[in-house]
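Structure assessment
Here are the chains, one letter per residue:
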Amino acid sequence: MKKKKKKHIGILSFIIGIVIIVFFAVPTGKENVVKPLWYNSVTKAEPLKNGQAEGRIWYRSGNIYGYTDLEGNIYLSEKSSFFTSITDSVYMDYSKVSEKFYIKNSDGILLDGFKATGYPFFDKTGKRLLVVKTDLSGISEITRNGQPKWKRDFISTITTVSVSKKLMVLGLLDGNMLILDEKGEIIYQFKPGGSKIPIIVGTAISDNENTVACIFGLEPQNILIFKRENGNFALMFSKKTDTNFRRETLLKFGWNGDFLLAEDYHGVDIVDILSGKLVRTKLKGEIRDISVLNNRMIAVIVSELNNRSYFDIVNQYGATIFHTEFNGSAGPIREIKNHIIIIGIHGGIMRLDIEGV
Amino acid sequence: MKKLTVSLVFLFLAVSLFSFDWPVKHIIVTSTFGESRGDHFHTGIDLGGGAQTVYPISDGEVIFEHTSGQYSSIPIGLGNFVVLQHKGNIRSIYCHLKDNSIKVGTSVLRNEKLGVIGDTGHSFGKHLHLSIIDLETHSILNPLSLLPQVPDSQPPIIKNVFLKIGDKIEKVSHIKNVKPSRAQILVETYDLREDVSFIWKLAPYVIILYENGAELGRITFNSITEHTGKLVLNGTDKSFNDVYKSDWTYKLNFIELLEGENHFLIVVKDFAGNETMRDYFVKIGKVK
């Protein structure tokens, strides 16, 4: 009886939360207004059969994935088998012991299939197809019909990977950070010193591929930033953190690569790369996702604590300019055209527009 | 007397600091180091025995872990896993652990529970994949070389031996009308799991080829290192494709088949030292 009551209170508070967000636009300071446009359940949705393939946006909400558009029409709604790699044009969903993998388009129509001994995944554009060995001792790039482009193995377990158009940053268990080019050749290798335990637990690469960052070491843990000048990467920034994460951590570049956002114990650290200034934004729970809106100098962050999700928008000074919370899990955050946010919440997806005033 | 005491203290310290224990109480090795995984070496050992408690192989510090639901930039085949740092720059990795079973903390003693055997990640059933990395030698070690020996009475099986001449592969017993030529020896061999009555194949530890009493080559699954972006058996340049013809068939060296009777010997050993030895004679006809 008590359990039922608790469940009812949870559902009620969730609905009230949604109502508040949907019906009341929230001013977020002088420049930004967060305007919720719609919320759709993805578990009950009947996917549309027809519709323009262009303008499809992938979403995830819990273990449901699929495609929507800016109006909130659902085109595909599937339950993830084990791992789903999804981009706006193609996706793969596979079980934990798959040997054959199938690439489908946003209508769920089969495009390609291939065999691999490992787990494949796309980069965020869907143009690069990579396969990580299941024991995390190697990575390769293949074509969509499974032909190898390059392959590279390591004695040390891969702990973290960031992929861009032409580069890949790998963090290894032994403390090496490697930058690979599009042929899989190592163009830069760095193993810092100064920590009791060498290890890389997070990596990031900026959209323009000129800045790379990693979280290195235990006792102390450090943020390291590398800049490319005249074609070569070199260490240009290093700062001890207050953290000692013993798991993969979130790290993201924002605002044209001038800022780095790094997960910390109490929220997110925002590093102004040019000045070296670090500001701290305090958030509840463990960070689940970070998305940066370049033209607005704000970041959208989702965190989670005790099955409650916290949605925060912060500026580059670390100040929270919008905050709301929900029951259940939330994320990941999709950022479209620099002002539209699609986020998976509690068995549904929500669109929020961030507009200037 | 004083010298002896000091030596004994050092010996005790060395044994306690650098010795390793099995991570489970009920030891069932279901897969050995170096086995074929289709296109790469198995980089550890697998231990069965159901949902047993997993202990550290030695006192250590938790330096990395992954549990389902945590953020990850890549799909994780190791499932829920923990990495420990031990003395001597040794790192041990415990994989496929049961959900919510991993001990959270920074340091663990060898008698403290680390987790429970599970089936998470790329796994066909409950097992523990144990992998050991030596950062000093930059190698992945065969865990059996560090762990206490377990009883094993069964010698490995040599199932078939083939000769590869040009593109043609034939069983050595079927060789007829062959001219003097260069041939590669291929051997289908495996060790057997101790605790089951049916055939459960395990990779052997060493395969040696002798010709006329002289060693021509060997494959040893002792440790793996990286060479030009590929994993190779330590002390050799042999990558997976240089070692495996298929899952249980290994590529040995080439021999020159000369006119008359040719003799070669294959010795296969498991980790406990059990060995199987076979002589082979190949008759080569006169060149016309």
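Residues numbered from 1 in each chain as written. Chains lettered and ligands numbered in written order. Predicted model: local features only at pLDDT ≥ 70, side-chain atom pairs only at ≥ 80, totals over all residues. Heavy atoms only, no water.

**Focus: unusual backbone geometry**
- Cis rather than trans, the peptide bond between Glu 219 of chain A and Pro 220 of chain A has omega equal to -5°.
- Structurally, Pro 220 of chain A can be placed in the loop between strand 19 (211–218) and strand 20 (222–229).
- Residue Gly 331 of chain A is joined to Pro 332 of chain A through a cis peptide bond whose omega torsion reads -5°.
- Located in the positive-phi region is His 96 of chain B, a residue other than glycine, with phi close to 65°.
- A relative accessible area of 5% means that His 96 of chain B is categorised as buried.
- At Thr 228 of chain B, a residue that is not glycine, the phi angle is positive and equals roughly 45°.
- Residue classification places Thr 228 of chain B among the exposed residues on the basis of a relative accessible area of 68%. (Helix = DSSP H or I, 4+ residues; strand = E, 2+ residues; numbered from the N terminus. Buried < 20%, exposed > 50% of the residue type's maximum accessible area, 1.4 Å probe, protein only.)

**Some thoughts on the pairing of strand 13 (residues 181–192) of chain B**
Residues and elements named next belong to chain B.
- Most of strand 13 is tucked away: eleven of the twelve residues are buried.
- Taken together, the seven bridges between strand 11 (residues 157–165) and strand 13 define a ladder with antiparallel strand orientation. Bridge pairing in strand 13 links Leu 163 to Ile 185.
- Sheet topology note: the strand 13/strand 20 (residues 249–257) ladder contains seven bridges and is antiparallel. From the neighbouring strand, Ala 183 faces strand 20, where its bridge partner is Ile 255.
- In the sheet, strand 13 pairs with strand 14 (residues 201–202) via two bridges, with the strands oriented antiparallel. Bridge pairing in strand 14 places Leu 192 opposite Lys 201. (Pairing = 2+ DSSP bridges.)

**Some remarks on the nonpolar core**
- Judged by nonpolar contacts, the single largest core of 116 residues is most densely connected at Leu 260 of chain A together with Tyr 250, Phe 264 and Ile 266 of chain B.
- The residues touching Ile 266 of chain B, leaving out its near neighbours within four places in the chain, are Ile 158, Val 161, Ile 185, Val 187, Ile 207, Ile 208, Leu 209, Leu 252, Thr 276, Met 277, Arg 278 and Tyr 280 of chain B.
- In terms of nonpolar packing, the next biggest core, distinct from the first, is built from 17 residues, Leu 293, Phe 311, Ala 330 and Ile 341 of chain A among them. (Core = buried A, V, L, I, M, F, W, Y, C linked by side-chain atoms within 4.5 Å. Contact = heavy atoms within 4.5 Å.)

**What about the domain arrangement of chain B?**
Residue and element names in this part refer to chain B.
- Examined at the domain level, chain B breaks down into domain 1 (2–145) and domain 2 (157–284).
- Placing the centre of domain 1 and that of domain 2 at their C-alpha centroids yields a distance of 31 Å.
- The three residues of domain 1 that bury the most area against domain 2 are Phe 33, Ser 36 and Phe 41, which together make up 32% of that side's buried surface.
- Along the contact surface separating domain 1 from domain 2 lie zero salt bridges.
- In this structure, the connection of domain 1 to domain 2 is made through eleven residue pairs in polar contact (both at pLDDT 80 or more). (Domains from an automatic or database assignment. Buried area = accessible area lost by both parts, 1.4 Å probe. Salt bridge = Lys/Arg side-chain N within 4 Å of Asp/Glu carboxyl O. Polar contact = N/O pair within 3.5 Å; in protein donor to acceptor, adjacent residues only side chain to side chain.)

**A few points about the sheet that holds strand 5 (residues 74–79) of chain A**
Residues and elements named next belong to chain A.
- Here three strands make up an open sheet; going across it, the order is 3-4-5 and the pairing antiparallel. The outermost strands of the open sheet, each flanked by one partner alone, are strand 3 (57–61) and strand 5. Across the sheet, the mean angle separating the axes of adjacent strands is 20° when strand polarity is ignored.
- In terms of strand pairing, strand 3 meets strand 4 (residues 64–68) through five bridges, oriented antiparallel. In the sheet register, Arg 60 faces strand 4, and the bridge partner there is Tyr 65. (Axes fitted to C-alpha atoms, helices over the stretch in contact; angles between N-to-C directions.)

**Quick word on the sheet that holds strand 21 (residues 260–269) of chain B**
All names here are of chain B.
- Read from one edge to the other, the open sheet built from four strands follows the order 16-15-21-22, with strand pairing classed as antiparallel. The open sheet terminates on both sides in strands that have one partner only, identified here as strand 16 (214–220) and strand 22 (275–284). If you compare each strand with its neighbour and ignore which way they point, the axes differ by 15° on average.
- In terms of strand pairing, strand 21 meets strand 22 through ten bridges, oriented antiparallel.

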